[in-house]
Amino acid sequence: MQNKGIIKLFALLFGLVSIYQLSFTFKANQIEDTAEQAAVAKIPQTEEDYQSKRNLEEVRYLDSLKTTKIQDGEKFEPIEVYDLGLAEYSYTEVENNAMNLGLDLKGGINVILQISVRDILEGLSGNSRDPIFNKALDDAEELQKDAQESYLESFFRAFDAIKGDTKLASPDIFANRTLSDEIKFDMSDNEVKGIIETKIDESIVSAFEVLRKRIDKFGVTSPNIQRLGNSGRILLELPGAKDIERVKDLVTKTAQLQFWETYKTEEVAPYIMEVNQALVEANKKEDTQEASDEVMEETIVDQDSTSNAIDELTGQMETDSTSVEDAYPLGIQSFGRGGPVIAVFLAKDKEKVLEHLNDPKNRAALPSDMRYVKFAWGIQQEDSEYVDLYAIKGNRDGVPQLSGAVISDARQDYDQVSRPAVSMQMDARGAKIWEEMTKTAYETQGNIAIVLDNIVYSAPSVSTGPIAGGNSQISGSFSLTEAVDLANVLRAGKLPASAQIVQADEVGPSLGQEAIDSGMKSFLIALAFVLLWMVFYYGKAGGFADIALLFNILLIFGVLSSLGAVLTLPGIAGIVLTIGISVDANVLIFERIREELAKGKSQKESIKDGFSNALSSILDANITTGLTALILFVFGTGPIKGFATTLIIGILTSLFTAIFITRLLVDWYVNRGGNLDFSTGLTKNLFKNINIDFLRKRKIAYVISGAFIVASLGSLFFGPGLDQGIDFVGGRTYQVRFDQDMSVEEVKNDLYDVFESAEVKTIGGPNQLKISTKYLVEDSSIEADEKVQSMLFTTLQKYLPEGMTYQEFLEGSGDQKIGKMLSSKVSPTIADDIKKSSIWAILGSLVVVFLYILLRFKKWQFSLGAVAAVFHDVLIVLGIYSLTWRFMPFSMEIDQTFIAAILTVIGYSLNDTVVVFDRIREYFNENLGWTFDTTINKSINSTISRTLNTSLTTLVVLLAMFLFGADSLKDLLFALIVGVIVGTYSSVFIATPIMYDTAKKGDATDALKKKVKEDVEEA
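Residues numbered from 1 in each chain as written. Predicted model: local features only at pLDDT ≥ 70, side-chain atom pairs only at ≥ 80, totals over all residues. Heavy atoms only, no water.

1. Considerations on the packing of aromatic side chains
Part 1 of the reasoning: With the rule as written, the count across this model stands at 30 aromatic pairs.
Part 2 of the reasoning: Here the aromatic rings of Phe 133 and Phe 174 are separated by 5.8 Å at their centres, their planes lie at 90°, and the arrangement is edge-to-face. You can see Phe 133 sitting in helix H6 (residues 131–144) and its partner Phe 174 sitting in the loop between helix H7 (151–162) and helix H8 (189–218), a full 41 residues away along the chain. Across this residue pair, the class does not change: Phe 133 and Phe 174 are buried.
Part 3 of the reasoning: When the ring of Phe 590 is compared with that of Phe 678, the centres are 5.3 Å apart and the planes differ by 55°; the resulting orientation is tilted. (Phe/Tyr/Trp six-rings, centres within 6.5 Å; stacked < 30°, edge-to-face > 60°. Helix = DSSP H or I, 4+ residues; strand = E, 2+ residues; numbered from the N terminus. Buried < 20%, exposed > 50% of the residue type's maximum accessible area, 1.4 Å probe, protein only.)

In structure tokens form, the structure reads like this:
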């Protein structure tokens, strides 16, 4: 092998980078364990609602590591928690570099939000009452039930079908006062459609930005938020989020954009100091009298000199830094300088500060004209640990003079001196109120705060007099990014676009930890078997393959961590499956080397030719599997995408380690004088003289397969059919754990009386039930979710521990975590989309594979044989599911996970088939005198060792995961186990015989031989 030095260098670098990346994961886990232990030590189990308090304490501990900074010279730097010698890292950096765990491993929530495009259209039309317009909106709702297009496209289609003489540019629809600058009465419908598409997209972008800022404020690890095409849907993943109800409220409430007048520093600072002094006095009382006297001598604040205290904090007086914490327990860092910023605090103290400022005992000291004051925080800058406090002039009703509903447009602009600014336009009602507000602000030299979701984004002053007409420009020391963000914020309030959760998955943290534990157990068992089997079958060479396999695993985790990919439970399944099939490349190589040795070649020559001859089969087999994984990645979402990601990465790293690392180790050993037989005493002559006439048995195989296919089709169309999960039909599913074994029929009858639709199955054990219902399936609101969940609790209460509260049921009670462990929701509309995209994924993979094999082998007979075998495998897997789902002790629902299994089965089946086809093509090359059937029979016989080796290792890996892995993966693993068995059978008895039967008719056989002769002459 040439360029060994470069390969060694790359292997060393890849290994070091992987270890470096994974070290952050280990450190992050260590810190999180410390935080958990600290929370347990601080909050005893005897306290009421101790689990929630521990969760909150754990979050505070970790937040303190992120927000606390120490002074380094003139700068404040984050605390360093990880020292690698060459570099030091803060907790934020450690967290960002650590491997991201998915929802099913860490717990949390995963939702798909549907932004209501109908709401946006109604807002753009000024809530038009035009009957054609409203009929088109209703018709679009119906079209969406079966359409794969966006709601806007359905609306346009519905409007065109019924519009008659009505135009979109009608003054009663979109040519209204709000859109008068952009839509004119004489515009055609096509012109208006383009403008409306832009407006809809702007509104969805605005909603996306608001959600992103809300999630950033929520403080979860590695949140993921992304738009899903142009559908108006937004995917939101929050691994580790513990307060699920708060998350739901956070992501579904409409953006509250408001405009308020503000107080100035000097008006509110005395109250801030008064609250601070009250804390000083309270702290003194808690100390002993002696300590109290000492503190009074050193840190007492002169109550008669509030201005002096303010001067200290604004830098006018020098202060003893050692006494600041005692003198200012409220955490005041500095006061504002006469503007709208009242004071500056550390971000980590925000909750504490508001708690004291809003304490009724303290607020009683406020002047009567300030009793409705509202305190709000400004935006915290990314590179700062400080945050500004504003005081808003509230009122009895808590209603602002002006809300975001009056904003008709907002955009990033530039002021007169070319600084980034924001221009906004209001409707007529808003313009009138805005003129009055700006007049007051101008006369009093005050400020107007722009507030979104209780965060002050800007508080500009008015320097040019009252602003009439509703056109305004907000300028200041904005960066371009800040100006763009503020424009998005202003636009977010202009249209009331509601957001509904159309798909959701909630996983409790205890279930996530159990999944990690069971996944690790199955991983180690599967790995141990594969390592031992390779040594047993191939001797020392197998040991070298094991080293390459372990290095491969290191690279997989390293690459996942480096890319910031999310590791999910199906992702672990993908890694373990990669372990099972990654030995395939080494098996192919070692089998070829054994063949070369049997021909009497020297050891070095056999190794060289073995690696060379196996390369074609290795590439073909992995490319076909990779293509199906790629399609799965494109069509899948959430955990399924994680499965595809690990499978793709595993294929690439397996190729590198098998082709290069194993070769380096083998060459190193042989060059030192070592001898490798690539077998052991028990396996040396195994399968050596096998000579089975497979083609003669093909008719028996056709009959057997035909019987299975007929039974499968009969069960699918005339029997029980498939158990379609909520992914495909819509509904809500809950996994509930009890402290006793449960009767499925008894619980089902109780639930049916309440919901009139309920499916109950045992999952994992007799004390765990999976409950599905279509009750209120058409209602995706939070209120409907809460109603169904509350009814479920009430119905199940007699089976739960006595005295269990609703909150304990939601969070899991006791060490066993009795209660709800997991819940999922899918609306009928998105369920239909999932079903159709799944069908397209399967058909797409078949077409892609057919074309690849046609391109690679040049003859359609090869493609036909491969695709026929795949159809055979898929039908039989579907048939077995249809026949057995009613009595299997685990869930066998047809959902996205099952589709992942089907696509994996397709990839595996093709992997086997392509290896046989490669050998057939090779034997045509080498043995032109053989008959067609002899060539095929000998090809199958020569690959039988590889086929059984790979199938056996893969099967044992899958069985280890099935027996010891997570319950939620049993349906996926069962499909894979059946698929591996059927796929191995079909590659020998279906794919190859069909290729043979179609090729032997006509001149295909001669054409194959002629093609080979031409290749030989060219060579």
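2. Topic: helix H21 (residues 603–635)
Part 1 of the reasoning: With 33 residues, H21 ought to run about 48 Å at 1.5 Å a step, and its terminal C-alpha atoms sit 47 Å apart, in line with that.
Part 2 of the reasoning: Of all bends in H21, the biggest is about 35°, found at Leu 615. (Expected span 1.5 Å × (residues − 1). Bend = angle between axes of the 7 residues up to and from the residue.)

3. Digging into the pattern of salt bridges
Part 1 of the reasoning: Following the criterion strictly, the structure yields 26 salt bridges and no others.
Part 2 of the reasoning: The salt bridge involving Asp 139 is made with Lys 135; its shortest N-O contact spans 2.9 Å. Note that Asp 139 and Lys 135 are positioned in helix H6 at a spacing of 4 residues, about one turn of the helix.
Part 3 of the reasoning: Residue classification places Lys 135 among the partly exposed positions, given a relative accessible area of 41%.
Part 4 of the reasoning: The partner of Asp 750 in a salt bridge is Lys 798, with the nearest N and O atoms 3.1 Å apart. (Salt bridge = Lys/Arg side-chain N within 4 Å of Asp/Glu carboxyl O.)

4. Considerations on the sheet that holds strand E11 (residues 341–346)
Part 1 of the reasoning: Strand order in the open sheet formed by 8 strands is E10-E11-E13-E12-E18-E17-E9-E14, and the pairing between neighbours is mixed. Here the strands that pair on one side only, and so sit at the sheet edges, are strand E10 (332–335) and strand E14 (402–403).
Part 2 of the reasoning: Sheet topology places strand E17 (residues 448–452) next to strand E18 (residues 455–458); 3 bridges connect them, and they run antiparallel. The residue of E18 that forms the bridge with Val 451 is Val 456. (Pairing = 2+ DSSP bridges.)

5. Some words on the pairing of E10
Note on strand geometry: in a regular strand, side chains alternate between the two faces of the sheet.
Part 1 of the reasoning: With 3 bridges joining them, E10 and E11 adopt antiparallel strand pairing. In the strand pairing of E11, Ser 334 is matched with Val 344.
Part 2 of the reasoning: Between E10 and E11, which pair antiparallel in sequence order, lie 5 residues; one of them, Gly 338, sits at a positive phi of approximately 90°.

6. Some remarks on the confidence of the model for the chain
Part 1 of the reasoning: The share of residues in the chain with pLDDT of 70 or more is 85%, and the mean pLDDT across the chain is 80.
Part 2 of the reasoning: In the predicted structure, residues 315–322 sits below a pLDDT of 50 and forms 7 contacts with residues beyond four places in sequence or in another chain.
Part 3 of the reasoning: pLDDT under 50 marks residues 1011–1019. Its contacts with residues more than four places away, or in other chains, come to 6 contacts. (pLDDT = per-residue confidence, 0-100. Contact = heavy atoms within 4.5 Å.)

7. Regarding the environment of Phe 989
Part 1 of the reasoning: Note on placement: Phe 989 falls in helix H32 (residues 970–999).
Part 2 of the reasoning: In sequence terms Phe 989 and Ile 940 are 49 residues apart; their C-alpha atoms lie 9.9 Å from each other.
Part 3 of the reasoning: Leave out the neighbours within four places in its chain, and Phe 989 touches Phe 694, Ala 701 and Tyr 702.

8. Observations regarding the nonpolar core
Part 1 of the reasoning: If you look at the biggest cluster of nonpolar residues, it comprises 120 residues, and the most contacted ones within it are Phe 590, Ile 853, Phe 898 and Ile 906.
Part 2 of the reasoning: Among the elements that make up this core, the one with the highest residue count is helix H30 (residues 896–926) (16 residues).
Part 3 of the reasoning: In this structure, Phe 155, Leu 236, Val 247 and Ile 501 belong to the second largest nonpolar core, which totals 43 residues. (Core = buried A, V, L, I, M, F, W, Y, C linked by side-chain atoms within 4.5 Å.)

9. Points about unusual backbone geometry
Part 1 of the reasoning: The phi dihedral of Asn 127 is positive, around 55°, even though this residue is not glycine.
Part 2 of the reasoning: Its place among the elements puts Asn 127 in the loop between helix H5 (117–124) and H6.
Part 3 of the reasoning: Exposure remark for Asn 127: the relative accessible area of 58% places this residue in the exposed category.

10. What to know about the packing of H6 against H7
Part 1 of the reasoning: Across the interface, H6 lies against H7 with an axial gap of 8 Å and an inter-helix angle of 125°. In terms of their interaxial angle, H6 and H7 are classed as oblique. Both H6 and H7 take part in a crossing whose hand is right-handed. When H6 is examined against H7, the residues Ile 132, Phe 133, Lys 135, Ala 136, Leu 137, Asp 139, Ala 140, Glu 141, Leu 143 and Gln 144 are found in contact with a partner set consisting of Tyr 151, Ser 154, Phe 155, Arg 157, Ala 158, Phe 159 and Ile 162.
Part 2 of the reasoning: Of the residues contributing to the contact of H6 with H7, the split by class is 11 nonpolar, 2 polar and 4 charged. (Axes fitted to C-alpha atoms, helices over the stretch in contact; angles between N-to-C directions. Parallel < 35°, antiparallel > 145°, perpendicular 65-115°, else oblique. Left-handed = near helix turned anticlockwise from the far one by under 90°. Nonpolar A, V, L, I, M, F, W, Y, C, P; charged D, E, K, R; others polar.)

11. Topic: the environment of Val 192
Part 1 of the reasoning: If you trace the backbone, Val 192 turns up in helix H8.
Part 2 of the reasoning: Residue classification places Val 192 among the buried residues on the basis of a relative accessible area of 0%.
Part 3 of the reasoning: With 25 residues separating them along the chain, Val 192 and Lys 167 place their C-alpha atoms 9.3 Å apart.
Part 4 of the reasoning: In this structure Val 192 touches Leu 168, Ala 169, Phe 174, Ile 183 and Met 187, once residues within four positions along its chain are discounted.

12. Topic: helix H31 (residues 932–964)
Part 1 of the reasoning: A rise of 1.5 Å per residue sets the reference length of H31, with its 33 residues, at 48 Å; its end C-alpha atoms lie 46 Å apart and thus fit the reference within 8%.
Part 2 of the reasoning: At Thr 943, H31 is deflected by roughly 45°, the largest bend along its length.
Part 3 of the reasoning: The element H31 is extensively covered by neighbouring structure, given that 24 of its 33 residues are classed as buried.

13. Thoughts on the sheet that holds strand E23 (residues 759–763)
Part 1 of the reasoning: Here 8 strands make up an open sheet; going across it, the order is E7-E8-E6-E20-E25-E22-E24-E23 and the pairing antiparallel. The open sheet has two free edges, formed respectively by strand E7 (224–228) and E23, since each of these has just one partner strand. Between one strand and the next, the sheet's axes are offset by a mean angle of 20°, whatever the strand orientation.
Part 2 of the reasoning: Sheet topology places strand E6 (residues 108–115) next to strand E8 (residues 233–239); 7 bridges connect them, and they run antiparallel.

14. Structural notes on a nonpolar patch on the surface
Part 1 of the reasoning: A contiguous nonpolar surface patch, about 680 Å² in accessible area, is contributed by Leu 630, Phe 633, Val 634, Phe 635, Ile 839, Trp 840 and Leu 843.
Part 2 of the reasoning: Residue position: Phe 633 is located in helix H21. (Patch = residues over 30% accessible without salt bridge, like charges linked within 9 Å, V, L, I, M, F, W, Y side chains within 5 Å. Areas by Shrake-Rupley, 256 points an atom, 1.4 Å probe, with all protein chains shown as cover.)

15. Digging into the packing of helix H23 (residues 698–718) against helix H29 (residues 860–884)
Part 1 of the reasoning: Closest axis-to-axis distance for the H23/H29 pair is 8 Å, and the angle between their directions is 50°. Considering their axes alone, H23 and H29 lie oblique with respect to each other. Note on packing geometry: the crossing formed by H23 with H29 is left-handed. Residue-level inspection shows Ser 705, Phe 708, Ile 709, Ser 712, Leu 713, Ser 715 and Leu 716 of H23 in contact with H29, the latter providing His 872, Leu 875, Ile 876, Leu 878, Gly 879, Ser 882 and Leu 883.

16. Some thoughts on the side chain of Thr 265
Part 1 of the reasoning: Residue placement: Thr 265 occurs in helix H10 (residues 265–286).
Part 2 of the reasoning: Overall, Thr 265 belongs to the buried group, its relative accessible area being 5%.
Part 3 of the reasoning: Setting aside anything within four residues of it in sequence, one finds Thr 265 in contact with Phe 335, Gly 336, Arg 337, Gly 338, Gly 339, Val 341 and Ile 342.

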